[in-house]
Each structure stands twice: as structure tokens, then as C-alpha cells.
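Residue-level structure breakdown
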Amino acid sequence: MMASLIQDRLTTDQDLLLMQEGMLIRKVRSKSWKKLRYFRLQNDGMTVWHARQAGGSEKPTFSISDVETVRKGHDSELLRSLAEEFPLEQGFTVVFHGRRSNLDLVANSVEEAQTWMQGLQLLVDLVTSMDQQEQLDQWLSDWFQRGDKNQDGRMSFGEVQRLLHLMNVEMDQEYAFNLFQTADISQSGTLEGEEFVQFYKALTKRNEVQELFENFSADGQKLTLLEFVDFLQGEQKEKDNAPDLALELINRYEPSDSGKLRHVLSLDGFLSYLCSKDGDIFNPACLPIYQDMTQPLSHYFINSSHNTYLVGDQLCGQSSVEGYIRALKRGCRCVEVDVWDGPSGEPVVYHGHTLTSRIPFKDVVAAVAQYAFQTSDYPLILSLENHCSWEQQQTLAQHLTEILGEQLLSTPLDGLLPTQLPSPEQLRGKILLKGKKLETLEEDVEDEDEEEEPECDLELQQGSELEPEPEPQEQEQEQEQEQEPFLRSKDKKKVVKCPLFCPPICCQIMTQDPIPDPGLLLLPLKVRQEGECNGEAVGRGSGWMAAGFFPQRLLKTQFYLLYFLLQKLKPILCPALSALVVYLKSVPFHTFSHSRENYHFYETSSFSESKARNLVKEAGNEFVQHNTWQLSRVYPSGLRTDSSNYNPQELWNAGCQMVAMNMQTAGLEMDICDGLFRQNGVCGYVLKPDFLRDAQTSFNPERPISPYKAQILLVQVISGQQLPKVNTKEKCIVDPLVKVEIFGIHADTARQETNYVENNGFNPYWGQTLSFRVLVPELTMLRFVVKDYDWKSRNEFIGQFTLPWTCMQQGYRHIHLLSRDGISLHPASIFVYISIQEDLETES
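What you are looking at is a predicted structure, and each value in this text was computed from that prediction instead of being measured. (Residues numbered from 1 in each chain as written. Predicted model: local features only at pLDDT ≥ 70, side-chain atom pairs only at ≥ 80, totals over all residues. Heavy atoms only, no water.)

1. Here's the deal with the overall build of the protein chain
Each helix and strand counted, the protein chain has 25 helices and 33 strands in total. Here the protein chain holds 844 residues, and the buried ones make up 54% of them. Counting contacts in the protein chain only where the partners sit at least 6 residues apart, residues at least 24 apart contribute 70% of the total. Total accessible area on the protein chain stands at roughly 37600 Å², and carbon and sulfur atoms take up 48% of it. (Helix = DSSP H or I, 4+ residues; strand = E, 2+ residues; numbered from the N terminus. Buried < 20%, exposed > 50% of the residue type's maximum accessible area, 1.4 Å probe, protein only. Contact = heavy atoms within 4.5 Å. Areas by Shrake-Rupley, 256 points an atom, 1.4 Å probe, with all protein chains shown as cover.)

2. Quick word on the packing of helix H6 (residues 157–166) against helix H7 (residues 173–183)
A pair of packed helices is captured by two measures, namely the crossing angle of their axes and the spacing between those axes. In the contact formed by H6 and H7, the axes pass within 11 Å of each other and the chain directions differ by 120°. Considering their axes alone, H6 and H7 lie oblique with respect to each other. Along this stretch, H6 crosses H7, giving a crossing that reads as right-handed. From H6, Phe-157, Val-160, Gln-161 and Leu-164 reach across to H7, where they touch Gln-173, Ala-176, Phe-177 and Phe-180. Among the residues forming the contact of H6 with H7, the class breakdown is six nonpolar, two polar and no charged. (Axes fitted to C-alpha atoms, helices over the stretch in contact; angles between N-to-C directions. Parallel < 35°, antiparallel > 145°, perpendicular 65-115°, else oblique. Left-handed = near helix turned anticlockwise from the far one by under 90°. Nonpolar A, V, L, I, M, F, W, Y, C, P; charged D, E, K, R; others polar.)

3. Notes on the packing of helix H10 (residues 225–234) against helix H11 (residues 242–253)
One way to put it is that H10 packs onto H11 with a least axis distance of 9 Å and a crossing angle of 110°. Relative to H11, the element H10 is oriented roughly perpendicular. Between H10 and H11 lies a crossing whose hand is right-handed. Here H10 contributes Leu-225, Phe-228, Val-229, Leu-232 and Gln-233 to the contact with H11, which in turn contributes Ala-242, Pro-243, Leu-245, Ala-246, Leu-247, Leu-249 and Ile-250. Of the residues belonging to the contact of H10 with H11, the class tally is 11 nonpolar, one polar and no charged.

4. A closer look at the pattern of salt bridges
Across all of its chains, the model carries 24 salt bridges by this definition. Glu-425 is paired through a salt bridge with Arg-428; the nearest N and O atoms lie 3.1 Å apart. Residue Glu-425 is classed as partly exposed on the basis of its relative accessible area, which comes to 32%. Between Glu-609 and Arg-640 there is a salt bridge whose closest N-O contact spans 2.6 Å. One end of the pair, Glu-609, is in helix H23 (residues 609–629); the other, Arg-640, is in the loop between strand E23 (632–635) and helix H24 (649–652), and 31 residues separate them in sequence. Several salt bridges converge on common partners, so that one network encompasses Glu-609, Arg-613, Arg-640 and Glu-650. (Salt bridge = Lys/Arg side-chain N within 4 Å of Asp/Glu carboxyl O.)

5. Observations concerning the nonpolar core
By size, the foremost hydrophobic cluster in this structure holds 71 residues, and its most contacted members are Phe-361, Val-368, Leu-382, Leu-400, Leu-404 and Phe-623. Looking at this core element by element, the count peaks at seven residues for helix H15 (residues 361–371). Counting residues in hydrophobic clusters, the runner-up holds 32 residues, among them Val-740, Ile-742, Val-774 and Ile-798. (Core = buried A, V, L, I, M, F, W, Y, C linked by side-chain atoms within 4.5 Å.)

6. Structural notes on the pairing of strand E28 (residues 750–753)
Alignment of strand E27 (residues 736–743) against E28, held across four bridges, turns out to be antiparallel. Pairing of Lys-739 across the sheet is with Glu-753, part of E28. (Pairing = 2+ DSSP bridges.)

7. Things to note about the sheet that holds strand E2 (residues 34–41)
Read across the open sheet, the seven strands follow the order E4-E3-E2-E1-E7-E6-E5; overall the sheet is antiparallel. Each end of this open sheet is capped by a strand with a single partner; those strands are strand E4 (59–63) and strand E5 (67–72). Put simply, the sheet's adjacent strands are angled 35° from each other on average, direction ignored. Relative to strand E3 (residues 47–51), E2 runs antiparallel, the two sharing four bridges. Bridged to Leu-41 within E3 is Val-48. Contacting strand E1 (23–28) and E2, helix H2 (residues 14–21) crosses the sheet at an angle of about 120° to E2.

8. A closer look at the pairing of strand E12 (residues 300–305)
Here E12 lies mainly inside the structure; six of its six residues are buried. Here E12 shows two buried faces, one formed by Tyr-300, Ile-302 and Ser-304 and the other by Phe-301, Asn-303 and Ser-305. Two strands pair when backbone bridges link them, and E12 and strand E25 (residues 685–687) are joined in this way by three bridges, in the antiparallel orientation. Within E25, the residue paired with Phe-301 across the bridge is Val-686. Both E12 and strand E24 (residues 658–661) contribute to a ladder of four bridges, which runs parallel.

9. Considerations on the packing of aromatic side chains
Counted according to the given criterion, the structure contains 27 aromatic pairs. Note on Tyr-253 and Tyr-273: the rings are 6.3 Å apart at their centroids and 55° apart in plane angle, and the pair reads as tilted. Of this pair, Tyr-253 sits in helix H11 while Tyr-273 is found in helix H13 (residues 267–275), placing the two residues 20 residues apart along the sequence. Residue classification places Tyr-273 among the buried positions, given a relative accessible area of 1%. The ring of Phe-96 has Arg-100 lying over it, and the distance from NZ or CZ to the ring centre is 3.9 Å. The residue whose ring lies beneath Arg-358 is Tyr-350, and the NZ or CZ to ring-centre distance is 3.9 Å. (Phe/Tyr/Trp six-rings, centres within 6.5 Å; stacked < 30°, edge-to-face > 60°. Lys NZ or Arg CZ within 6 Å of the ring centre and 35° of its normal.)

10. A few points about the side chain of Ser-304
Note that Ser-304 resides in strand E12. Side-chain polar atoms of Ser-304 contact the backbone oxygen of Ile-302, separated by 2.8 Å. Excluding anything up to four places from it in sequence, Ser-304 contacts Cys-332, Cys-334, Met-658, Val-659, Ala-660, Met-661 and Met-663. (Polar contact = N/O pair within 3.5 Å; in protein donor to acceptor, adjacent residues only side chain to side chain.)

Written out as C-alpha cells, the structure is:
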């Protein structure tokens, strides 16, 4: 019956045999928390338990299905920091799916570490390679193990009753006993092997699927080829090559060889089709890369991360290269690096002016080099927030060029000056730096043969840039805005940097009454204890002094001169670092007309979420047109100290490409983000609708005028299957309801939900139809959420699935649910019927 590959290996593989015996292994949480625990692989081959000592009380540690991979000790930040205490060869890391923290372990010998690394990876590979039937067999095996309380390989009716509660089923005792007796073919009073499988099949009988099957089957026993073609064309809206598709699906899902030969589909084959990827609500044609990848970068939505190094909150959270690894492995194509001066001349990455921990910049670059193209080989953007001194900027440039090597794009493609941004296809396998730049791309191309680098990095502003700039929405202003609640007073102060030739008048700072005129400004000074300025060029955060607090001997004329010089000079930037920025030069945003008249296609601006929202409301069409030729990056408000997220849909509606998310935080907003980028091979690039790519477009997300009629979406929520428990208490059964949420332009956003079904998470039936009217389906996302109804408090989350309207299949479809972290809850699903119709009502 349920004898799986895993069960076979458990009795033959030497590593798995040793793991079942158990071993003492050191569990490491931090530099100070390192404790020995007795780890043992359970007999089911699917779970690892641990105890404080051999023979002690065991409790579950993790399930093999939760493990993504196993890494060597050398790849762990924490274990590397303990290399003097524990040999790295004895360490290894268990990496989990989703946002669960890694598990760092240190074995007592290299051999024991190898046993666990090889054994765990073998089990992970076996689970990953399972097909649909093998997954179901393993799922049944897991439940049998849990239900067989005394582990005698048989299940009594008492154990079956307990199992039903564990499986979220509240069933009449007499009915359950009848099913039990029917399955007990041996009449032993217990269920073994195949008998338990028959009991499960009776338990999960899908009456609604059988009724649907009989509606199209003339004899109620099978679907002929023609009958199945009728079903595919009439209900599933499979218009193209339906006869060929029907044959293909019969060969794929019909379990009997005779049925395949006769080109007929049995009820079991029909159910297998409906539960498969072909019967999924997500169109399988949208899973691989299917979009045109040869258009300019500005024509794509780009999967983007904010403060990628953080795995917790924005104030005291941990900074870790793991943040980059997780973001890159989920298909992120724009990661952020906030870099500051560090000790011993090595720049560090952390969230400035906070208590977040710090990590070496070179470790971040090394992680990026290793993981940049594991999930997607389309270009990766490094969004650099540079707060370093001139010297450490040179170190930044050195690490980027030496560690990234050929991956880093440091010159224009083919050495030619383009007229538009290159495409993802042209930039495959390349890492692009986004940041400040001293020269224009035109000057770079002209000067390619002239390798002279000026020693002075201060560039006097020329031409129209000579005048003092108004308060712009700068890329580097992001850090200031994020810190606004903590660092700024009500009267905003202009922030500039101290030049290399910092005059002697700056070097003795003491508290004096402020000079009221000409306005207050802040000067960053690296001040020694005796109060002297060392003359180094420093970035923000290296010690602030108000310019009004100068020695009394400072003459007013000197002050004006200093103020004038500081206003006229660009921030200090190392030429070596500047040269690495090619197509993504960061520039301040003033107005859309200013951008059109003064900026180039390779220049990009950043916006806070509030600024971007206001622009969408006040100048929606201009924002859309701006985003057809220039890249925009939007970042979360500085008030989101808990690393919460905003709804990216509002900014996608205006064509903003890089809507940066706090990827460490699960929730509705990340479900929408993951839903959009689930398509197109999870490559991190999604082609925008044509009306967001046309430079002359008239589209305004606030006042859309669609050339097409509105669409009516009908969602019949039919039933649910094997929903997980919310409360782990044995007798606590869920009362599920389904909520369908639409996200798009403001007029399309809507929510509706079904009634709840009492005490049935195993096979609830709703049979309710929800209706939605949608004006702009090309920008619409659908989120299906299953919740546990609770009249006393908020309904509890059970599972969800989010997808773009453009990837949705019509007809009878299963929606396979995901956890909060986006992990499969197999075999949990809901069964729906999807129909899209044109709105026939005449608009008033």
C-alpha cells in the first residue's frame, strides 16, 4: 500500500539507519547559546525529534517536508563566527522553506556531520521528486503513523475516531463505524495497510465530482473521448485543440491501461485530472517563461526588496546575509544594500541610526555572487545606499569588481550609447549597480579610452545645476525619511556633507548660541575627543553638528562663504565606485516635466510610498507615462518600524517597476507580490500591460477609461478538501469559510465571502456563488483565503492562494492552498467554478 521510496531507504541506507538510532548534536542559536541535544530520525522517515539526552522525553523538531536544503558549516554566518571553538567541517545548517529561521548544528565528528547532511539531503530529494500519487501515499502513511497510537501496524476503531479529530473531521459515530466495517475486509476489528486506504477513499468520496462526472457521462461509468472533449470545451473553456488535449489528458491521468487504449476516462482518472496542475486555477502555460523578454527594463514589473539585509524589524532586528539568500531564492531581482563605514577599513551593512546588527559588505557581495542567478538568470539590480567615506567607497568598488567579476556590468553593452534601456534578455547573467554617478553615460562612452581619474572627487555643479536645488525626492533621501520620526525636529534642516578641504573654522566645534541666518544646516563631522576635525570626508551618521553652533570668532562673512561652498558642491563620491554605475544612475525627482526636460532614460528616481501614492492621485497619467521610459523605485514608509508592508498594487497600477517590499514579513501584501511574480518562470520580471508601456498612453489609474467592456467574474465556491487545523487541540475542529478578494484599480477592489461550515475542515461544502465586476482585468489580482470562523474574535487564517487575473483558468478548478509563508499545504484545497462574462449592462 503506502510502501514508499522513503520506507524502502529507511531499511537499507546506512546514513538513515544511523540517524534512526539517534546522536548527540550541539544546537547553536547564538555565540552564547550552544547546547547538546539528542536528535533522532523517527521511523516514519519524515520527522526529526530531539530530547535533552538519550532516552529522554522527545518532542518534534522539524518535518522533512519543511526542509529546503542542507548547507555545510562554512556557509553559515553563525558557525563561521564560532570557527575557533568548533571546526566548520563538523557543522551544518538545516534551511527551511519560507521564513522559518535556519537550524545550525555541530556534530561531534566530521563523520557524524556527513551522516546527517547526506541523510537529510537524501530525504529532502526524495520528497521533492514525488509525483501527485506518491505525495498522497506519503500523506496517508503519515496519518496512519499518527493514528496508530500503540505503533502495532494496525488501527482500531478507537484509534480511527481519534484520527478523524486530528484530520479535522466531526463525523457521526454510527456512520464512521459503518465505513470502518466496510473497509475491514479481514474482519479483524482493525485496519491494516490497504484496508486503511479503502477507508480513506470512502471518507474522501467526492459526491460533487461524481455528480459532475455523471452529467457528462452517458452511462455514468466513463467519459468517452467525445464526452470529455465536450466537457473541456463547454466548461473548461479549452477552445484550442480540445480533441488533442483530451487524448493527452487521458494518457496522463487515466489509471487503467485498458482505459488509455480505449480513450476513455474513469471517475478516478477524472478526479486525478481535476486535482492536477492541468485542473489547477493557475494556468500551467503561465508557469514557464512565456513573456517577451526583449523589451526595455522600464516595461517590466521587477520583484524588489527593501532593506534586504534585515530578517526582523527596522530598529533592533538582525542583519544577515540570509536576507539576501532568501530574497534571491524567491526570485527577487532588486536588492538593497545600506553601506556605512566599518572598522579596520571594511564597510558594513546595516540600518543606519538604529540598533540593528552589522554585517561586512564583502560577505553580502559574496552571497550575492553565489545566489544571484540560482532562481533566475535575468539581471539583478543592487540598489546601493552609500553612506561611506571616500576611502571606504574605494573598498566598496574593489569588493564589487573582485568578488562579482564578470557578473558585474561596468560598461555599456557593446561599448555603444543606447537610446533606451536594454532588455532583460540582453542583460542575462549580469548584476547592475544602482546608485549615484559623477558623469553621464554619454561622457562615459566618450571617455572610455581616456582612463585618467581625477583625485578630487568633488565636482562643481555646472550649467543649470549651479543654482541651489529645491528639496528633491532623492534616492539618498530615503534614509533620512525612514529616520524622520527619530532624528528630525519640526524645522527641517538642509543636510550637506563636509568637503575634503574642510576649513579650519570647522575644526573646533563648541556649543554656542545659534546664528539665526542664513537658515540652519547640518554638517557631518568626524570629531575627535579633543574636538578637532580630522578633515576626512564622511557620510551621514558620523556625528552631526548644527552649522549655527560655531565658535564666536567665526565671522559672518566666513560663514556665508562656507555655506555657499557647501551648497554648490555635490556630495563626495569616489570615481571608482561611480564608474560601476552604468544604466541605473540615481537622480532626485522634482517634477515629471523636469524629468522629461533634464533627465535621460538611464536615470532613476526613488519615492517614499506616501510620495508615490500622492503622485498617483494628483498626476496619475503623467506618472504612468514617466514609467514607460524611466525606472521608478518605491520604498516603505520609515514609520513601518515593524517591517510591515504596503499594498504594491496601488503603485503597479501607475507602472512603477521596483516596488520594494519587506520580504521578511508575511501577510496579504506579500501574498499579492508573490502572486504576481509566481508567473513567467518566477524570473522576477513581469511584462506590464501594453497601456502601461505606451509613451503616449492616456491611462490614468484613478480615472480609467477602458476600451473594452467591463468583465463579470462569477466564482462558485463548491467545496474544500483536507483543510489543516488551526488549533492543535485534538477535538477542536475548524468552521471554514472562503473569502475572495479582488485587488486592482480602486474601482475594481472588492471582497466577498461565503457562509461558514460548522465543524468540518475535512470536506466542507459551500455551493455559493460570488460575483464581481472588473474594469481593468489586466491589473487585477485575485486572492482566495480560507478562514476559521470565530464569533468571539477575528476569524483565523487557514490558507490562501493569490494569482493574476491573466493567469486564471476558467471552469471547474482546484485551488491548492498555501500557508502564511507561501509553503504548500498539500493536499489542502478548495474546489471552485470560474466563469468570466462581458458586462452586458449599458453604462449610464
